[in-house]
Amino acid sequence: MAPKDFDFDIGEFIRHHLARLTRRARGGLIVLAVVVLVLLIGALSSYYTVPADSQAVVKRFGEVVAVTGPGLHFKIPFGIDTAETVAVTRVRKEEFGYRTVQAQRKSQFQQQQDDESQMLTGDLNVIEVEWAVQYRVARPEGQANPTDPADTAAARWLHAVRNQQDTIRDISEAVMRRVIGNRLAVEALTRERAKVQQQVKAEMRRVLEDYEMGVYITAVNLQQVRPPTREVRAAYNEVNEAQQQREQLINEAKSYRNEVVPQARGKAAQIVAQAKGYQAERVNAAKGEASRFEALLTEYRQAESITRRRMYLEMIDQVMPTLGKLYVMDSNQATPLPLLNLDGVPSLKDNR
Amino acid sequence: MQRSMQVKLAAIGIGLVVLLLGFWLCTFRLNETEQAVITAFGKPIGEKANDHREAIVKQAGLHFKLPFIREVHRFDKRVLAWDGTSQDMVTAEQKNITIDTTARWRIEDPLTFYRSLGNEERAQSRLDDVLHEQVQTTIASTDLTEIVRSKGWEIEEEDLKQVVRPEGKGKQLEQQVQTGRKELVENMRSEAAKTLQDFGVTLLDLRIKRINYVDQVQQRVFERMISERQRIATKFRQEGKEQAQRIRAEADREVSEIKADARRESEVIRGEADAKATKVYNAAYGKAPDFYAFMRTLESYQKALGKESVLMLSTDSDYFRYLRDVEPKQDDGTASPSAASNE
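1. Brief notes about the confidence of the model for chain A
Step number 1: On average, residues of chain A score 83 in pLDDT, and 84% of them are at 70 or above.
Step number 2: Considering only residues more than four positions removed or in separate chains, one finds that residues 104–112 of chain A, a stretch of pLDDT under 50, has 22 contacts.

2. Comments concerning helix α7 (residues 181–197) of chain B
Residue and element names in this part refer to chain B.
Step number 1: Spanning 17 residues, α7 covers 24 Å between terminal C-alpha atoms, matching the ideal 24 Å at 1.5 Å per step.
Step number 2: Of the positions making up α7, those classed as buried are R181, L184, V185, M188, R189, A192, A193 and L196. Looking straight down α7, one finds that the buried residues subtend no more than 165° of arc, so they occupy a single side. Facing away from the buried side of α7 by more than 90 degrees, the exposed set consists of K194 and Q197.

3. Let's talk about the environment of G42 of chain A
Residue and element names in this part refer to chain A.
Step number 1: Turning to its location among the elements, G42 is positioned in helix α2 (residues 25–44).
Step number 2: With 37 residues separating them along the chain, G42 and G79 place their C-alpha atoms 8.9 Å apart.
Step number 3: Ignoring any residue separated from it by four or fewer positions in sequence, one finds G42 in contact with P77 and F78.

4. A short note on the interface of chain B and chain A
Step number 1: Listed as interface residues are 117 residues of chain B and, on the opposing side, 118 residues of chain A.
Step number 2: When chain B packs against chain A, the two sides together hide about 10,800 Å² of surface, and 63% of this comes from carbon and sulfur.
Step number 3: Note that R292 of chain A is salt-bridged to E299 of chain B, the shortest N-O span being 3.2 Å.
Step number 4: Linking chain B with chain A are 35 residue pairs in polar contact (both at pLDDT 80 or more), by the criterion used here.
Step number 5: If one sorts the elements of the side of chain B that touches chain A by residue count, helix α8 (residues 215–285) of chain B sits on top with 41 residues.
Step number 6: Residue composition of the side of chain B that touches chain A, grouped by class: 53 nonpolar, 23 polar and 41 charged.
Step number 7: Bridge count for strand β12 (residues 325–329) of chain A against strand β11 (residues 310–314) of chain B is five bridges, and the pairing is parallel. Directly across from K325 of chain A, in β11 of chain B, lies its bridge partner V310 of chain B.

What counts and what doesn't
- Residues numbered from 1 in each chain as written.
- Chains lettered and ligands numbered in written order.
- Predicted model: local features only at pLDDT ≥ 70, side-chain atom pairs only at ≥ 80, totals over all residues.
- Heavy atoms only, no water.
- pLDDT = per-residue confidence, 0-100.
- Contact = heavy atoms within 4.5 Å.
- Helix = DSSP H or I, 4+ residues; strand = E, 2+ residues; numbered from the N terminus.
- Expected span 1.5 Å × (residues − 1).
- Buried < 20%, exposed > 50% of the residue type's maximum accessible area, 1.4 Å probe, protein only.
- Arc of directions from axis to C-beta.
- Buried area = accessible area lost by both parts, 1.4 Å probe.
- Salt bridge = Lys/Arg side-chain N within 4 Å of Asp/Glu carboxyl O.
- Polar contact = N/O pair within 3.5 Å; in protein donor to acceptor, adjacent residues only side chain to side chain.
- Nonpolar A, V, L, I, M, F, W, Y, C, P; charged D, E, K, R; others polar.
- Pairing = 2+ DSSP bridges.

This is how it looks when you write it as structure tokens:
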């Protein structure tokens, strides 16, 4: 055979062999199909989109090479590069002791097993605690952005811990129980709630930081903290009622006191005033009588005999007419005999 | 041209396939979550030199290996969870409790792990044994208070009052915590970790997830809580009654005191008034006691004698003197002025 010119014109080449392939019908079609398939796979696996609330962890042959933000990105196709998206802005929630049903509408809290919510307090009593933990895939606050993409929160979320949710739940339960276990039942039920929330959040953050799992606890919220059964709750309520009763009894007594004492004071003032009135009256009466007597005395001194007689007769004038019975007896008589009976006789007064 | 092109194409095709195959056989990919142990004929490589660093691969990415001869055993590099089943145990002071522990572990040394346990299933079972035993031993020798409370357990005086208990329990509440929950749990962990290290496993933490009374005991505890609350309620009510009574009694006492003081003052004033009046009277009447007697007696006659009175007068009475004699002798014995003037 004569050597040919190796004139490799690609267009000619393809056209020529395409013609040959199509002429080869079945075999050619298979190859064509395969080629098309391969190209398609290649095309589809060469890009990926990241939603607005997420980041994507890009791995080449399994090794983290980059973390990308929202949008359209390209990567090496055929599975050499893989991109896993992680929602980083979404706030995730874990609930304990209860479950929210139909979160879109009004939450209907359904009681979960008592096991999750019952725990021992420091005084070895039992209470029920329902709480929720909110977290995000994020690095702890104040930490600088890492240089190695494998250290980002999204990457750590994917690679550090196998069961992320379970781990968070286990840690949360353990921490909550430790914190409650260091408090009296009354404290946990009433005034220490805010402190408990704070402590649990802080401790959970510490623990999870040690695992470096790319989780940041944003909030710990106590939903309900209460005594375990209806009967115990009733007993706790009874204490509140008793406290109120105590206050009521004391207040009633106080108002009795506030009523009775001022009343007594009023009465006392009245008594004293009356005495003072008597005093004034008596002294004034005495002074009045005394001065009347003295005036009379002055006149009397001037004509004693006449004044005496006048006074005497004036008295008689007054007394005699009003007398019931008047008996005049002879001084010589020993036994009283009615000689002059003024009674029944019309008096001189009547005849005037 | 055609045939040589065909051959070339075939050659390219085959070459590509061989390349890919070779690539696939001579490499392995390790995910970030994985680590691997490379063995040759069942034994980890590098044994001759007693250097097994070659056998352990932890770095993610693409790695090369000899095809067919070398095998790759993959293990999880991540933090793994162990969740113990709820177990009933007895504490040092014979309290029956149910305890649920949880732990986190990691295959730190995959080679040792491969040699000793081989797979995760066996590891879980080994963890069950070691950890359950450790927990049980620790719990059996610890008081419940030490398990539940942590260091820094302090109870305020006023809170103690809130919690009315029989004598002994009050002490229990005040009891300082010797070890505390954290340290206790940490001790358990470190003890168990020593054992597990032999398997290439690092025990990262061991925690008490749940601790409760056993069901039968639970009921008694609830009853105890109820009666405790009832005692406190009674105490409050008692206090209320007592204090109310005290306030009322004090109020009554104060009232009597006020009234008594007032009466006393009233009497004093009245007494003083009487004294003053008497003084005034005496001062005045004392100037002419006879005249006073006279005047006062006349007043008395006026007041005393009336419709109901029966009066007996003697004819000698001075009132009737003019009935006896028109010119009677004067009181002082001298003749009457008219008689005197007639002489």
